[in-house]
Amino acid sequence: TKGIFGTGLLLIVIAGIVSRFHPPVPSLILVSLGGLLVLLAPVNARVERRHALRREREPRPLALSWRSFAEGPLVQVAARIADLVIATPPPDGRPMAPRHSDARAERGLVIACDREEAAALLRANAGWLPGGTAVVAVPADTDARALRGRRVVALHDADPAGCALAARLRAARAREVADAGLLPPPSDGGLQVLEGAPARVPEGLEGDLSPEQIAWLRSGRRLELATLGPRAAVERVIGAAERLERSRERVPLAPAPASQAAAAP
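Residues numbered from 1 in each chain as written. Predicted model: local features only at pLDDT ≥ 70, side-chain atom pairs only at ≥ 80, totals over all residues. Heavy atoms only, no water.

K.L.:
Describe a nonpolar patch on the surface, and please don't skip the residues or the numbers.
P.N.:
A grouping of F5, L9 and I12 is seen on the molecular surface, where their side chains present a nonpolar patch of about 240 Å² in accessible area. A relative accessible area of 38% means that F5 is categorised as partly exposed. (Patch = residues over 30% accessible without salt bridge, like charges linked within 9 Å, V, L, I, M, F, W, Y side chains within 5 Å. Areas by Shrake-Rupley, 256 points an atom, 1.4 Å probe, with all protein chains shown as cover. Salt bridge = Lys/Arg side-chain N within 4 Å of Asp/Glu carboxyl O. Buried < 20%, exposed > 50% of the residue type's maximum accessible area, 1.4 Å probe, protein only.)

Put into structure tokens, the structure is as follows:
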């Protein structure tokens, strides 16, 4: 805008100089162009302001993926800061005491992550998780049948493989599955969006995602858990675990068989 306004004023000044030595026609042309640019400057200022507001509201693609960042700048920072940790402070306004986590529990809650780095983040914050919680990484190329019969919380990125994690766990006959992962907008709108090439979407997502969300995944866009802070990731897991507990409490008890009821004192 400043450049347009300055160019307009410069043309008007040049027209005044030219008018002293040349016929008035060139001066009129320069004055007309300069006046047009001066009038155009406020319009351009409004357009620039509208674009700036749009950039503030909408997420923009990152230049680096999480893997590139973790293998480059993050490694350099970790080398300089020996005591770098991923500890999670208590959420504001809701005190939360650390809970003991026993990763050797055989029948407790399992948190299944689609990436090893997400599992490492939760293990670093194991004291905040419900007691008896185990954290495992279940990438797309691994078998999830080891989680058969378990109560599982799925934590994943909003990409085709990650959004298919809950369906994979149900197909592996997990007893209960709660999805704590990221989902395509508008479910998690406002997070940092990564752009990529069009992607293939696994089958079986129709029950978990809308057609618009599936189309969003096919476009190559994705959301990564790395854009969240550790506290936000842990809170998503705790919220999903609490939903599992509430669903268990709502299950009605089956009535006792007639023979047992007759034998009861």
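K.L.:
Provide a residue-level description of the confidence of the model for the protein chain, including the pertinent values.
P.N.:
Per-residue pLDDT for the protein chain averages 80, and the proportion of residues at 70 or more is 81%. Helix 10 (residues 258-263) is the least confidently modelled element of the protein chain, averaging 39 in pLDDT, while strand 3 (residues 151-155) averages 95, the highest of any element. Within the model, pLDDT remains below 50 along residues 82-106, and this stretch shows 48 contacts once partners closer than five positions in the same chain are excluded. Scored below 50 in pLDDT, residues 253-265 makes zero contacts in the model with residues more than four places away or belonging to other chains. (pLDDT = per-residue confidence, 0-100. Helix = DSSP H or I, 4+ residues; strand = E, 2+ residues; numbered from the N terminus. Contact = heavy atoms within 4.5 Å.)

K.L.:
Go over the pairing of strand 1 (residues 109-113) with me, naming the residues and quoting the values.
P.N.:
Judged by how many residues are buried, strand 1 sits mostly within the fold: five of five residues are covered. Residues L109, I111 and C113 line one face of strand 1 and the alternating positions V110 and A112 line the opposite face, and both faces are buried. In this structure, strand 1 lies alongside strand 3, joined through five bridges in parallel fashion. Counterpart to L109 in the pairing with strand 3 is R151. Here strand 1 pairs with strand 2 (residues 134-137) via four bridges, running parallel. Paired with V110 across the bridge in strand 2 is A134. Taken together, strand 1, helix 5 (residues 116-124) and strand 2 constitute a β-α-β crossover, and its handedness is right-handed. (Pairing = 2+ DSSP bridges. Right-handed = clockwise from strand over helix to strand, strands pointing away.)

K.L.:
Give a description of the nonpolar core that names residues and reports values.
P.N.:
The nonpolar side chains of soluble globular proteins are, as a tendency, buried together. Membership of the largest hydrophobic core comes to 36 residues, with the highest contact counts inside it found for C113, L122, V153 and L205. Within the residue set of this core, elements represented by two or more residues are strand 1, helix 5, strand 3, helix 8 (211-218) and helix 9 (230-250). At seven residues, the largest contribution of residues to this core is made by helix 9. If you look at the next biggest cluster of nonpolar residues, it comprises 11 residues, including V110, A144, A154 and L169. (Core = buried A, V, L, I, M, F, W, Y, C linked by side-chain atoms within 4.5 Å.)

K.L.:
Would you mind going over the sheet that holds strand 2 in detail, with residue names and values included?
P.N.:
Taken together, four strands build an open sheet; the order of strands is 2-1-3-4 and the sheet is parallel. Taken across any chain shown, the strands that pair with only one partner, and hence form the sheet edges, are strand 2 and strand 4 (176-179). Here the average twist between neighbouring strands, direction ignored, is 25°. In this structure, strand 3 lies alongside strand 4, joined through four bridges in parallel fashion. Bridge pairing in strand 4 places V153 opposite A178. Packed onto the sheet, helix 5 meets strand 1, strand 2 and strand 3 and runs at close to 165° relative to strand 2. (Axes fitted to C-alpha atoms, helices over the stretch in contact; angles between N-to-C directions.)

K.L.:
Break down the pattern of salt bridges for me, citing the residues and quoting the values.
P.N.:
For the structure shown, the criterion picks out nine salt bridges. R115 is the salt-bridge partner of E117, the closest N and O atoms lying 4.0 Å from each other. Overall, the relative accessible area of 32% leaves E117 in the partly exposed class. We classify R115 as partly exposed; its relative accessible area is 23%. Close ionic contact of D208 with R170 constitutes a salt bridge, the shortest N to O distance being 2.7 Å. Of this pair, D208 sits in the loop between strand 5 (193-194) and helix 8 while R170 sits in helix 7 (residues 165-171), and the two are 38 residues apart along the sequence. When salt bridges that share partners are traced, they join R115, E117, D157 and D159 into one network.

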